[in-house]
Amino acid sequence: MSVFERIDLERHGVIEASAGTGKTYTIEQLFLRILCDRQITIDKILVLTYTEKATSELKIRIRSGIENRLRDSHGKLRERLEQALDCFDMAAIHTIHGFCNRVLAEYAFENRSLFEAEFVDENSLMEEAYYEVLRKDVPAMEGPTDLLLELAEWAKKDLYGFRFDQLVFELARRIKPENGDELQPELNGLSLCVKTAGTLLDSLCAKYSEDWFVNFIKEYEELPFHARSRSANLRNALLPLQSLLKRYSKDKDQSAALTAVNLICKWLDSQGASRIKPSKYNKGANPNPALLEELDELVERLQSLLLSLEKLRVVLSIYCVEKVHKEARRIRESEALHGFQDLIEGVRLAVREPSSALIQRLQEQYSYALIDEFQDTDPAQWEILKRV
């Protein structure tokens, strides 16, 4: 007895396996076994997979499997397989979105949906909403808009190759509040974040005068540690910090100062502000204890400023994602559009009702369901399949 023959077709079952170990082949073999052993027509077996490409591949493989079985079949089994090939266009092999679209169209009375609806690609809809947010909402944000965008490094790529605006679009596309997705932490108040960063900047300026910095850098240059590291720390952090604090103490241009200090903090960010403090000294050297205490305090203050700027980026990204979702809903409602997620949500709402006629009709239509790449990570898809 083969492994496929040992699977009980009268019970629900789950097969877990790594990529490339034969999950699709298993579905193909189970489909053929049901078709041959259960004496049902091909349209009674529902097969769902994740992508259009996978759906096409599965159709080809199942059809080929039927043709191979037909060569060695006789009598009534041969008749059923010939009928299956003749009616193969009726095979219910779909993506989850294709299945939901078909359900909403064929059972419009049962789910109280429109007979005809205009559908739009979800990515196109989200992109339209995103650019509307850029046009309308971003300029109206709390706090100085140019400063916020500069601090978020709007047009620059991060370590993963994303610009901030691209990251917002990608999050907005993937996060689905209707499925219970949430953005954490729940932070509010862009103006408060800018104010906090400004307060930390003011404390830096008040603490470290121009004369203090001149003496500090002179002593720092004499610290006995790797000369190349010392030179990089001076060039990328300490000297620019000295310059911007000197300028800020005169013009009090907080936007310019925060933008400048943001570049310093980004350079420090890969290792933290502590990278300006030597991790080890030259053999036999005696570092300056008083200078090291001052260096510890400076590192702590810079670290606090770095964290406040990072928090601002998080708040700004959450703000933009929420605005994009809100704008996408407005476009859907004003133009009577439906996206792929609306298909799933429409079927989920229809099967939620305790006395749903749709559930009964679907159970009458399909005797078996085979799910490839089961959508257990999507609560809406899981709920539909569990109820049906």
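Residues numbered from 1 in each chain as written. Predicted model: local features only at pLDDT ≥ 70, side-chain atom pairs only at ≥ 80, totals over all residues. Heavy atoms only, no water.

Colleague: So, the overall build of the protein chain: which residues are in play, and what are the values?
Modeller: The helix and strand tally for the protein chain stands at 16 helices and 5 strands. Across the 388 residues that make up the protein chain, the buried fraction comes to 41%. Expressed as a percentage of contacts within the protein chain between residues at least 6 apart in sequence, the contacts between residues at least 24 apart total 77%. Here the protein chain displays about 22100 Å² of accessible surface, and carbon together with sulfur accounts for 49% of that area. (Helix = DSSP H or I, 4+ residues; strand = E, 2+ residues; numbered from the N terminus. Buried < 20%, exposed > 50% of the residue type's maximum accessible area, 1.4 Å probe, protein only. Contact = heavy atoms within 4.5 Å. Areas by Shrake-Rupley, 256 points an atom, 1.4 Å probe, with all protein chains shown as cover.)

Colleague: Any chance you could break down the pattern of salt bridges for me, citing the residues and the numbers?
Modeller: This model, assessed by the stated rule, comprises 18 salt bridges. Across the pair Glu 28 and Arg 61 runs a salt bridge whose closest N-O atoms are separated by 3.3 Å. In this pair, Glu 28 is assigned in helix H1 (residues 23-37) and Arg 61 in helix H2 (residues 52-71), connecting sequence segments 33 residues apart. Glu 210 is the salt-bridge partner of Lys 246, the closest N and O atoms lying 3.4 Å from each other. Taken as a pair, Lys 246 in helix H11 (residues 227-251) and Glu 210 in helix H10 (residues 210-220) lie far apart in primary sequence, 36 residues in all. Of the residues examined, Lys 246 reaches a relative accessible area of 37% and is grouped as partly exposed. (Salt bridge = Lys/Arg side-chain N within 4 Å of Asp/Glu carboxyl O.)

Colleague: Tell me what's going on with the packing of H2 against helix H3 (residues 75-86), and back it up with residues and numbers.
Modeller: Packing of H2 against H3 leaves a shortest axis separation of 10 Å and a crossing angle of 150 degrees. One way to sum up the angle between H2 and H3 is to call them roughly antiparallel. Between H2 and H3 the crossing geometry is left-handed. In this structure, H2 uses Arg 63, Ile 66, Glu 67, Arg 69, Leu 70 and Arg 71 to contact H3, whose residues at the interface are Arg 78, Leu 81, Glu 82, Ala 84 and Leu 85. Classifying every residue of the contact of H2 with H3 by side-chain character gives 5 nonpolar, no polar and 6 charged. (Axes fitted to C-alpha atoms, helices over the stretch in contact; angles between N-to-C directions. Parallel < 35°, antiparallel > 145°, perpendicular 65-115°, else oblique. Left-handed = near helix turned anticlockwise from the far one by under 90°. Nonpolar A, V, L, I, M, F, W, Y, C, P; charged D, E, K, R; others polar.)

Colleague: Please set out the layout of surface pockets residue by residue, giving values where relevant.
Modeller: When its volume is computed, the largest pocket comes out at roughly 1400 Å³. As for the largest pocket, its lining consists of 33 residues, and the residues nearest its centre are His 12, Gly 13, Ala 369, Leu 370 and Ile 371. The element that contributes the greatest number of residues to the lining of the largest pocket is H1, accounting for 5 residues. Taken together, the residues of the lining of the largest pocket break down into 19 nonpolar, 5 polar and 9 charged. (1 Å grid on protein atoms, 1.4 Å probe; cavity = no way out; pocket = protein on both sides within 12 Å on 5 of 7 lines; lining within 4 Å. Points joined across faces, edges and corners; volume = space filled by probe spheres on them.)

Colleague: So what's going on with the packing of aromatic side chains? Residues and values would help.
Modeller: Counted under the stated rule, the structure contains 10 aromatic pairs. For the pair Tyr 130 and Tyr 131, a centre-to-centre distance of 5.2 Å together with 65 degrees between the ring planes defines the contact as edge-to-face. Look at Tyr 130 and you get buried, because its relative accessible area is 6%. Pairwise contacts between aromatic rings join Tyr 208, Trp 212, Phe 213, Phe 216, Tyr 220 and Phe 225 into one cluster. Taking the ring centre of Phe 225 as reference, the NZ or CZ of Arg 230 above it sits at 5.5 Å. (Phe/Tyr/Trp six-rings, centres within 6.5 Å; stacked < 30°, edge-to-face > 60°. Lys NZ or Arg CZ within 6 Å of the ring centre and 35° of its normal.)

Colleague: Can you lay out the sheet that holds strand E5 (residues 368-371) for me, pointing to particular residues and giving the numbers?
Modeller: Pairing between the strands of a sheet comes from backbone hydrogen bonds, and it takes one of two forms, parallel or antiparallel. With respect to topology, 3 strands assemble into an open sheet ordered E2-E1-E5, the strand pairing being parallel. Single-partner strands in this sheet number two, and they are strand E2 (92-95) and E5. When strand polarity is set aside, the average angle formed by the axes of neighbouring strands in this sheet is 20 degrees. Note that strand E1 (residues 45-49) and E2 share 4 bridges and pair parallel. The residue bridging Val 47 from the neighbouring strand is Ile 93, located in E2. Most of the contacts of H1 go to E5, to which it runs at about 170 degrees, and overall it touches E1 and E5. Its contacts with the sheet place H2 against E1 and E2, and it is angled at close to 160 degrees to E2. (Pairing = 2+ DSSP bridges.)

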